[in-house]
Every structure is written in structure tokens, then in C-alpha cells.
Amino acid sequence: MGSIYESALEKFGKAADLMKLDPGIRKILEHPKRQLIVEFPVEMDDGSTEVFTGYRVQHNIALGPAKGGVRYHPNVSLDEVKSLAFWMTFKCAVMGLPYGGAKGGVKIDPKKYSKKEIERVSRRYFSEISIIVGPDKDIPAPDVNTTPDIMAWFMDTYSMNVGYSSMGVVTGKPVGLGGSQGRTEATGRGVSAVAALGAKAKGMDISKATVAIEGFGNVGQYAALLLSTEKGAKIVALSDSRGAIYNSNGFDIKELMQYKVEHGTIADYPKAESKMSNEDLKKLDVDILVPAALENSITPELAKDVKAKIIVEGANGPLAEGADEVLNEKGILIIPDILANAGGVTVSYFEWVQDLQSFFWKHEQVNEALEEMMANAFNEVWKAKEEYSTDMRTAAYIVATNRVAFATQKRGIYP
Ligand code: GLU
């Protein structure tokens, strides 16, 4: 398997070919605008020093300031961050947000460090990347293993350096500190919304649908909660990095979320009928499969055994190179990451707007605006899918690329 970035480019290339994209614009979009690597020391609780590696990549800023999360994970690499930044450009554009794409990461296993150590890592990382971030330049946000508390430290670190409180420099902050109502569950809410729209398009009744979800982080938890409580779907299988659990009658997600807080994992949840591997979860005969963990979770090999009728990509890049072809061939509807998990960045946009205006919205107002934007984007992508007789992923790239290409062409190439 090649790099994640090459595989991301290949998927974009399919859309670029089909829409006969101008070769100059294609070249611009194939290259990230800016890539920053930082190596920085942090003092540990025992007085020793460790050096960490961090990244911030800005892929494109034709439509506005760069936007995208920061992840903390031991496997973070430049290849991964570059790919995630690339996806953010298209994710923001498919939603019609006035943003370009960026992503950051620190190569760290956060489970191995104390809260105070994570705070020092976060503050120093943000200080290192602050030469390229700012409310008008690049606005970080949460991603894998990063929380509202970490966003508060990011915001405070930046504010201490500029000498005033700058709320708009990061999103995903706690409510009461410039955060938006509804941001925590936003990605899951978007996943639930497009899953319901996908089901409808397939003639499936979402309130009778069975669902398997890989990953019980922020996205997996809220997708499960909202699909079950608001859409009436039955969540029959769930997993985390320690394994998967199955119950044919469906799980009570609220109870499971509490169990996760208490035990740190759901793998030993006593109300499961059976346990299985993450791999087997993805092969279950369910209506909807939501991969909401990390990249490359469904290989072309595994794709052959997938029985779900709809795949909703809660994670970024969960289908490895070649998996799309196998699944498309089987007639499985894939709702792609740049659309399916765009709810998070959409409410981040609402948060940034609220911060810039110092005027905050009600929870219902946020949810309503999000649902409307998700439905509009879904419908636009669906239309492009029909028009170009293609799959949803390629259609989403076409809708997004048209917007970035328009801005790039109108602006012209400097000087
Ligand atoms: N990290 C999230 C994503 O991959 C959210 C980014 C944001 O809110 O800026 O879309």
C-alpha cells in the first residue's frame, strides 16, 4: 500500500478526470500550501525532559482561512496530517463554508501522560505553531484524542502571546468559554442526519434499520446515541480499540457512554450477547455500517465480506485504497467522509462566527442550522452523483472542487 496522501489523491483524481478539471487547478490542489514540522521539549512531572514532534499542514486557503483539527496519536505522521488537511479543504468546500483546509497533530500516546503533562505538551505545541495560526489565518479544533479542555489551553496560550483574549483562534472550546452549544455532538449529529437521508434514498426505513459502529470516541458515541434516540435505529454492534460487542436487541447508548466513563472501554460490557473482533463487526449483516475509528480500517480484502447496504464514513479516510471499487461493485452506498463527518467543522464554523460577533446561539438554533446544511450538502452531492453517473465520493469531490476552482480562478495566480 502506498502513502495515505497518494490514496487520497487517487480518489480526487477520479473526480478531476470526470469533471475535466483545468490541469493548473488540479496541480494546485495536489500540493499542500504549507507544511510545518515542530520538535519541542516538554518537562515531565518527574523533572525529566521529553521531545515531541508536531505538525500543522495548511492544504489550501482559496476560500478563506484554513480550518481543521489537531490529533494526538502515536501514529501521527506528516503523510497522515497532509492527507487530513487535504480532506478538510474538500470537506469545508462541500459544505459551502468560507474556509480552506488544514490539520495538525502531535505524535504522542496521551494515555501515557498525566493531565498536567498533556497541558504542557498542548501549550508548547500551540505556541510553536502560532506563527501560522490565528482567527483570520488558521483555526484549529478537536480531532482524535483532543478535547474541549485542550482547546481552552490552546486559546489561552495564543491569547497570552498576543496580549488579549482571542476566542476565534480555536473551535471546540467549552461552552462558557467561547464554545458553541451542540459542538460536542455535532459530528455524530451530522453522521446520523446523512445516514437517515441515505436510508431514505435507498428506500430503507431508518427506524427499522440495524447499525454497527466501529469506534466509540466522540464521533461513534454521538452517532450511536442520535441514531438510536432520534432516528429510532437499532445499534446492534459497537467497538473500541479493545474489541467489539454485539446485542441483537440493540444497546442503550446512554448507559454505554456512562460505562465507558467508568471503565475506559466498552469491550467488557456485561449486557452484550457476544464479543467479537473489530474485523468481524465490519462483516456483520446489518443495514448501516459506520466506520468511526481511524484511516484504512476497511481493506479491499475485508470489503469483499461487508454485508451492510450503506456505509457512512464517520472517520476520515476509513476505506483503504481499492476498497471503494469492491464496495461500489456490490451496490453498497458509501456516504463519504468529506460529507458524512462534516457536521463537526460546520458547528465549528458556527462557533467561530459566534466568537467573532460575541453573540451566542441557542442549542436548537445550532442543531436546526446544522441539519439544514447537512441536508443541502447531501442533496447537492446526490444531484452531482446522478448528473455524472458516479458514486457519492466522486460526486462530493466534484461539488467541492467546483467551489475551490471558482475561487482560485477568480482570484488569479499571484503575482
Ligand atoms: N477534526 C474534525 C474534522 O476532521 C473537525 C475539524 C474542525 O472542527 O475544524 O472534521
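Preceding block: the structure.
Computed from a predicted structure; not experimentally measured. Counting starts from 1 at the beginning of each chain's written sequence and moves along it residue by residue. The predicted origin of the model limits local features to residues at a pLDDT of at least 70 and limits the giving and counting of side-chain atom pairs to 80 or more, whereas totals for whole chains, interfaces and linings rest on all residues. In computing side-chain properties, one takes all heavy atoms of the structure into account and sets aside hydrogens as well as water.

A. Inspection of the packing of aromatic side chains at higher detail. By convention, a stacked pair of Phe, Tyr or Trp rings (six-membered ring in the case of Trp) has centres within 6.5 Å and planes under 30 degrees apart, an edge-to-face pair has planes over 60 apart, and any other such pair is tilted. All chains considered together, the criterion is met by 19 aromatic pairs. Ring geometry for Tyr125 and Phe154: centres 6.1 Å apart, planes at 50 degrees, overall tilted. Of the two residues, Tyr125 sits in helix α4 (residues 115–129) while Phe154 sits in helix α5 (residues 148–162), which places them 29 residues apart along the sequence. Residues Tyr125 and Phe154 agree in their burial class; the two are buried. Linked through ring pairs, Phe40, Phe52, Tyr113, Tyr125, Phe126 and Phe154 together constitute an aromatic cluster. Across from the ring centre of Tyr5, 4.6 Å away, lies the NZ or CZ of Lys82, which sits over that ring. Lysine NZ or arginine CZ positioned within 6 Å of the ring centre and within 35 degrees of the ring normal marks a charge as sitting over the ring. Over the aromatic face of Trp382 sits the side chain of Lys385, whose NZ or CZ is 4.4 Å from the ring centroid. A run of H or I in DSSP becomes a helix once it reaches four residues, and a run of E becomes a strand once it reaches two; helices and strands are each numbered from the N terminus. Residue exposure (1.4 Å probe, protein chains only): buried if accessible area is under 20% of the type maximum, exposed if over 50%, otherwise partly exposed.

B. Inspection of the packing of helix α1 (residues 4–18) against helix α2 (residues 23–30) at higher detail. Two elements in contact, α1 and α2, have axes whose closest approach is 11 Å; the angle formed by their N-to-C orientations is 160 degrees. Considering the angle they form, α1 stands roughly antiparallel to α2. Regarding α1 and α2, the two cross each other, and that crossing is right-handed. Each of Tyr5, Leu9, Phe12, Gly13, Ala16 and Asp17 in α1 lies in contact with α2, whose residues at this interface are Arg26, Leu29 and Glu30. Interaxial angles span 0 to 180 degrees and are taken between N-to-C directions of axes, which are lines fitted to C-alpha atoms, for helices over the stretch in contact. In this scheme, roughly parallel covers angles under 35 degrees and roughly antiparallel covers those over 145, while 65 to 115 is roughly perpendicular and the rest are oblique. Two helices cross in a left-handed way if the nearer one is turned anticlockwise from the farther one by less than a right angle. They cross in a right-handed way if the turn is clockwise. Note on contacts: a residue pair is in contact if any heavy atoms of the two residues lie within 4.5 Å.

C. Structural view of the sheet that holds strand β2 (residues 49–60). Taken together, 5 strands build an open sheet; the order of strands is β1-β2-β4-β3-β5 and the sheet is mixed. Of all the strands in the sheet, the pair left with one neighbour each is β1 (34–43) and β5 (138–142). Averaged over neighbouring strand pairs, the angle between their axes works out to 20 degrees when direction is ignored. Only when DSSP finds a minimum of two bridges between them are two strands counted as paired. Alignment of strand β3 (residues 66–73) against β5, held across 5 bridges, turns out to be parallel. Residue pairing in the sheet places Val70 in a bridge with Pro142 of β5.

D. Looking closely at empty space enclosed by the protein. Buried and open spaces are told apart on a 1 Å grid over the protein atoms alone, a cavity being a set of points where a 1.4 Å probe fits but cannot get out and a pocket being an open set with protein on both sides within 12 Å along at least five of seven lines. Residues with an atom within 4 Å of a point are the lining residues. Grid points are joined across faces, edges and corners, and a volume is the space filled by probe spheres set on the points. Counted under the stated rule, the structure contains 1 cavity of 30 Å³ or more. Estimated volume of the largest cavity: approximately 30 Å³. If you go around the largest cavity, the residues you meet are Ile4, Ser7, Ala8, Lys11, Trp87, Glu295, Asn296, Gly317 and Leu319. For this scheme, ten residues count as nonpolar: Ala, Val, Leu, Ile, Met, Phe, Trp, Tyr, Cys and Pro. Four count as charged, namely Asp, Glu, Lys and Arg, and the remainder, Gly too, count as polar. Across the lining of the largest cavity, the residue classes break down as 4 nonpolar, 3 polar and 2 charged.

E. Seen up close, the environment of Lys275. Structurally, Lys275 is set in strand β9 (residues 274–276). Spatially, the C-alpha atoms of Lys275 and Gly243 are 7.4 Å apart, while their sequence positions differ by 32 residues. Here Lys275 is in contact with Ala244, Ala267 and Asp268, once residues within four sequence places are set aside. Polar side-chain contacts of Lys275 include one of 3.0 Å to the side chain of Asp268. Polar contacts, as counted here, are pairs of nitrogen or oxygen atoms within 3.5 Å of one another; within protein the pair requires one atom able to donate a hydrogen and one able to accept it, and residues that are adjacent in sequence qualify only if both atoms are side-chain atoms.

F. Structural view of helix α8 (residues 253–263). Every buried residue belonging to α8 is among Ile253, Leu256, Met257 and Tyr259, and all of these are buried. Viewed end-on, α8 has its buried residues packed into an arc of 160 degrees, placing them on one side of the element. For α8, the exposed residues lying more than 90 degrees away from the buried face are Lys254, Val261 and Glu262. Contact partners of the buried residues in α8: α7 (218–229), β7 (234–240) and β8 (243–246). Capping of α8 at its N-terminal end is provided by Asp252; its side-chain oxygen lies 3.2 Å from the backbone amide nitrogen of Lys254. Just downstream of α8, Gly264 is the residue with a positive phi angle, here 80 degrees. Arc definition: it is the arc formed by the directions from the helix axis to the C-beta atoms.

G. Layout of the nonpolar core. Residue types Ala, Val, Leu, Ile, Met, Phe, Trp, Tyr and Cys, when buried and joined through side-chain atoms within 4.5 Å, form a set referred to as a nonpolar core. In this structure, Leu238, Ile253, Ile288, Val312 and Ile335 are the most contacted members of the largest nonpolar core, which totals 87 residues. Examining the composition of this core, we find that 10 residues originate from one element, helix α15 (residues 392–411), more than from any other. When neighbours within four sequence positions are excluded, Ile335 is seen to be in contact with Val194, Gly198, Ile310, Ile311, Val312, Glu313, Ala340, Phe378 and Met392.

H. Representation of the site of the ligand within the structure. Close to the ligand lie 14 residues; Lys67, Lys91, Lys103, Asp143 and Ser348 are nearest. One nitrogen or oxygen atom from the side chain of Lys67 is found 2.8 Å from an oxygen atom belonging to the ligand. Within the contact set of the ligand, a nitrogen atom lies 2.9 Å away from a backbone nitrogen or oxygen of Pro142. Protein contact buries 95% of the 300 Å² of open area that the ligand shows by itself. Secondary structure elements with two or more residues in the shell around the ligand: β3, α3 (78–94), β5 and α13 (343–357). Nearness here has a simple test: a residue counts as near a molecule or strand if at least one of its heavy atoms is within 4 Å of that partner. Per-residue accessibility takes into account occlusion by the displayed protein chains alone, with areas from the Shrake-Rupley method and a 1.4 Å probe.

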